Amino acid sequence: VFFFKQKKAYEIKECDWSSDVCSSDLYSIGNDDYVTFALNSTEGKIIDAMLNYSLRFYRVVDKKWDKEIKEYFTKKITEKKYLEVFTIIGQYLPQFYTLDKTWIESNFDSIFPRDNLDILKASSSGLFFNPTVYSDFYNMFKEKGQYKLFLDSWEQNGSQINESVLRHLCLGYAEKWEEIEDATLIKELLGKPEALEEIVRFFWIASKNIKPDYIIRIKELWQYIYDDNKESQITGKLMQWLRVFDELDDDLFKLCIEGAKFVDTHDVHYVIEYLVKYIDSDVEKAGDIL
């Protein structure tokens, strides 16, 4: 099982096995790419194999986590020493949650400690590596303050952490887990000028496969960002969100008229492309915007 799993990982990830290193003390690692490090380390390969064995045992033999392996992971997170343990638990948190939900809930503060930013970054990087945002884990991060901690340390975080936090909070807003109110996470994110363009870009990319329920949320967000940043270049960037809307109603028309003068030269072709779809239904509005 161990050999097959690692061979498969090599083929998919194209890891350089010649660079394999032994487990290192967490605080001696000056590398923000925690997942790659975990995959290439000896400790990480062992942990990965143990997890796969545990899941196989859970599915085929008995609907419980192997006792000795569970004790091994408990001991490792108690030691607070190895980067790989926290990264892999974070990366495969849904699988560990399946093995023992109670274990995850009772050890959540040890796996994602707010008082140890190094460990928190390692475990969170693993969790953020997963493209799926799970509501259960989102709520845990929100209630226990991990998202807030990352927002407070925004300038000190690596770009990967900030991009992932932004993705989570934007999805949280779209899914109505977040509202734009005083002292909310999305409100604090929107208060960071350097994050606004990435928020626009996130929903612009997501618009390719947008959920119908997200459309009204995006419109409300557009209005909020405009109201808070009038006479700013970001109001021009927001016009990329026309891609989301099939109808150019009066509210969108006003937002576009105000933002049109701030459209960057490099974005003009996007705006023209998105205005074309309104020619049959709203030709005069589209013409005024153009």
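Definitions and cut-offs
- Residues numbered from 1 in each chain as written.
- Predicted model: local features only at pLDDT ≥ 70, side-chain atom pairs only at ≥ 80, totals over all residues.
- Heavy atoms only, no water.
- 1 Å grid on protein atoms, 1.4 Å probe; cavity = no way out; pocket = protein on both sides within 12 Å on 5 of 7 lines; lining within 4 Å.
- Points joined across faces, edges and corners; volume = space filled by probe spheres on them.
- Helix = DSSP H or I, 4+ residues; strand = E, 2+ residues; numbered from the N terminus.
- Expected span 1.5 Å × (residues − 1).
- Buried < 20%, exposed > 50% of the residue type's maximum accessible area, 1.4 Å probe, protein only.
- Core = buried A, V, L, I, M, F, W, Y, C linked by side-chain atoms within 4.5 Å.
- Contact = heavy atoms within 4.5 Å.
- Nonpolar A, V, L, I, M, F, W, Y, C, P; charged D, E, K, R; others polar.
- pLDDT = per-residue confidence, 0-100.
- Salt bridge = Lys/Arg side-chain N within 4 Å of Asp/Glu carboxyl O.

## Quick look at empty space enclosed by the protein
Using the criterion set out here, one finds two cavities of 30 Å³ or more in the structure. Considered as a void within the structure, the largest cavity measures approximately 60 Å³ in volume. Lining the largest cavity, in full, are L127, T132, V133, Y134, F137, Y138, F141, Y147 and H168. Considering every element that reaches the lining of the largest cavity, the biggest residue donor is helix 9 (residues 135-144), with three residues.

## A look at helix 13 (residues 193-206)
The end-to-end C-alpha distance of helix 13 is 21 Å, a good match for the 20 Å that 14 residues give at a rise of 1.5 Å each. Of the residues making up helix 13, those classed as buried are A195, L196, I199, V200, F202, F203 and W204.

## Quick word on the nonpolar core
Judged by nonpolar contacts, the single largest core of 84 residues is most densely connected at F203, W222 and W241. Discounting residues that sit within four places of it in the chain, W241 has contacts with I199, V200, F203, W204, I218, L221, W222 and I225.

## Topic: the layout of surface pockets
There is about 280 Å³ of room inside the second largest pocket. Taken together, 13 residues make up the lining of the second largest pocket; nearest its centre are E163, S164, L166, R167 and E198. Of all the secondary-structure elements, those providing two or more residues to the lining of the second largest pocket are helix 11 (159-174) and helix 13. It is helix 13 that provides the largest number of residues to the lining of the second largest pocket, a total of six residues. In the lining of the second largest pocket, the residues fall into six nonpolar, two polar and five charged.

## Concerning the confidence of the model for the protein
In this model, the protein carries an average pLDDT of 88, and 89% of its residues clear a pLDDT of 70 or more. Of all the helices and strands in the protein, helix 1 (residues 2-13) carries the lowest mean pLDDT, 36, while helix 12 (residues 185-190) carries the highest, 97. Every residue in residues 1-31 scores below 50 in pLDDT, and together they form 50 contacts with partners more than four places removed in sequence or on other chains.

## As for helix 8 (residues 117-129)
Here helix 8 is 13 residues long and its end C-alpha atoms lie 18 Å apart, about the 18 Å a rise of 1.5 Å per residue gives. A large share of helix 8 lies buried, amounting to ten of its 13 residues. Those residues of helix 8 not exposed but buried are I119, L120, K121, A122, S123, S124, S125, G126, L127 and F128.

## Considerations on the pattern of salt bridges
In the structure shown here, the tally under the stated rule is 17 salt bridges. Among the salt bridges present, the one from K237 reaches D267, with a minimum N-O distance of 2.9 Å. Pair noted here: K237 is in helix 15 (residues 234-237) and D267 is in the loop between helix 16 (250-260) and helix 17 (268-276), with a separation of 30 residues, a long-range link. Residue classification places D267 among the buried residues on the basis of a relative accessible area of 7%. Salt bridges linked by common partners bring K148, D152 and E188 together as one network.

## Here's the deal with the environment of Q223
Structurally, the position occupied by Q223 is in helix 14 (residues 212-228). Accessibility expressed as a relative area gives 30% for Q223, which makes it partly exposed.

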